[in-house]
Amino acid sequence: MTDREDLRVRFLQQAGLDEARRDPLPGDASTRRYERLTRSDGSTLMLMDQPPTGAQPCPPDASIEDRQRLGYFAQTRLSAGDLTAFVGAASYLSARGFSAPTVYESDLDNGLILHEDLGNALFARLIEEGEHEAPLYLSAVSVLAKLHEAPPPAKVGDWPLLTYDALALKTGADLFLEWLPQYDPGLRFSEQARVDWDGLWAPLRAEAEAGASVFIHRDYHAENLLWLGGHEGVARVGLIDFQDCLKAHPAWDLHSLLQDARRDVSPEVEALCLEHYFSLRPEQNREAFMRLYTALAALNQARILGVFARLVTRDHKPRYEAFMPRMWRHLGRNLTAPALAGVRNWFMANGLGGRIA
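Keep in mind the model is a prediction, meaning the values are calculated, not measured.

J.: Whenever I open this one, the sheet that holds strand 3 (residues 44-49) confuses me. Can you help?
T.: Each strand in a sheet pairs with another by means of backbone hydrogen bonds, the pair being arranged parallel or else antiparallel. The five strands lie next to each other as 1-2-3-5-4, forming an open sheet whose pairing is antiparallel. Across the chains shown, the open sheet's two edge strands, defined by having one partner strand only, are strand 1 (21-24) and strand 4 (103-107). Strand-to-strand twist of the sheet, defined as the mean angle between neighbouring strand axes without regard to direction, takes the value 20°.

And the structure:
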């Protein structure tokens, strides 16, 4: 028995679940793993296992220099595997009427949580099985509109809700510069190209930081949303994997949902969902909102391409290569926006015109 398995067994014993059947769920790009626990009466729970990473999350009062010294997680304001964020966010979301899993037991020092099982009805799987995507996506947008009604708190539980600021956005997007040449050795970015890249994104990052005004899930897409048909209203959408939540511009979760890395969302559904969002939040300046929606989507797609290149090259997970053409298509479409003409020209000048055509 491994040390990690021994921790899991002891945690389950202490919770009175040592006799429960344990069924592992498929993994993702993270170091987290999940098991569905089935008790003798047929009821189920979820075991979340997030081994401590040893990385330093961002202290609330850290300066830019502090964050750069502390490393990637502090710069990006990711939770660094600290499940205090999940517990706090789950409590916050549930208190506001959203369907986040109830946490029953936790050992945060060792990264173990027992929480409510929201089932198997992931949006992505339902659509694969023939469900129409539009009603599901419209429900997901209704959740965001409701979530965006209230100013975000300074903390969710014991976890500070920090801003998705310019440094976090920059650090994420710069993964593109770092990892694309390692994935594709034919690519080379000169020092001037790197300087130009930073200068082109800088005003957009600053605008996004200034517009940070809502709680964001940060990874809001069809693989992290579940349909709970027995509920009403926004509670029909089950929410998971929100442990990297932040305060950010309201366009962030919308573009994550509607320009998904893992599945195609039809342009018609994207347009329908955006109309639905604006109908629920009519106070929004649509033109300004859509300009930043497109810019943040493009920046995030560059980030994700860097992440996928890293997963393939460093972590030897070749399946993520299959998602990269979709991200190039999304990126190319967004770079046709007038406000991103300079960024588009950068891609053209650096040998990437064919990727975004």
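There is more to say after this.
J.: Please explain the environment of alanine 210 as it appears in this structure.
T.: Within the element layout of this structure, alanine 210 appears in helix 9 (residues 191-210). With relative accessibility at 67%, the residue alanine 210 sits in the exposed group. In this structure the C-alpha to C-alpha distance between alanine 210 and tyrosine 164, which are 46 residues apart in sequence, comes to 9.8 Å.

J.: What's the story with the packing of aromatic side chains in this structure? I'm lost.
T.: Aromatic ring pairs: the centre-centre distance and the angle between the two ring planes describe each pair. According to the stated counting rule, one finds 21 aromatic pairs in the structure shown. Ring centres of tyrosine 92 and phenylalanine 215 lie 5.2 Å apart, and the angle between their planes is 35°; on these two criteria the pair is classed as tilted. With tyrosine 92 in helix 4 (residues 84-95) and phenylalanine 215 in strand 8 (residues 214-216), this residue pair connects regions lying 123 residues apart in the sequence. On the accessibility criterion, phenylalanine 215 (1% relative accessible area) is buried. With a centroid separation of 5.3 Å and an interplanar angle of 10°, the aromatic rings of phenylalanine 176 and tryptophan 197 are classed as stacked. In this pair, phenylalanine 176 is assigned in helix 8 (residues 175-183) and tryptophan 197 in helix 9, connecting sequence segments 21 residues apart. We classify tryptophan 197 as buried; its relative accessible area is 2%. An aromatic cluster is present here, built from Phe176, Phe189, Trp197, Trp201, Trp328, Trp346 and Phe347 joined pairwise through their rings. Geometry around tyrosine 164 places arginine 218 over its ring, the cationic atom sitting 4.5 Å from the centre.

About the cut-offs
- All residue numbers refer to position in the chain's written sequence, counted from 1.
- In view of the model being predicted, local features appear only for residues whose pLDDT reaches at least 70, and side-chain atom pairs are presented and counted only at 80 or more, with totals across whole chains, interfaces and linings using the full set of residues.
- As a convention, hydrogens and water are excluded, and side-chain values are obtained from all of the structure's heavy atoms.
- We treat two strands as partners when DSSP finds at least two bridges between them.
- Numbered from the N terminus, helices here are DSSP runs of H or I no shorter than four residues, and strands are runs of E no shorter than two.
- Every axis in this analysis is a line fitted to C-alpha atoms, fitted for helices over the stretch in contact. Angles between the N-to-C directions lie between 0 and 180 degrees.
- Only protein chains enter the accessibility calculation, which uses a 1.4 Å probe; a residue is then buried when its area is under 20% of its type maximum, exposed when over 50%, and partly exposed in between.
- Two aromatic rings from Phe, Tyr or Trp, using only the six-membered ring of Trp, form a pair when their centres are within 6.5 Å; if the ring planes differ by under 30 degrees the pair is stacked, by over 60 it is edge-to-face, and anything between is tilted.
- In our convention, an over-ring charge means Lys NZ or Arg CZ found within 6 Å of a ring centre and within 35 degrees of that ring's normal.

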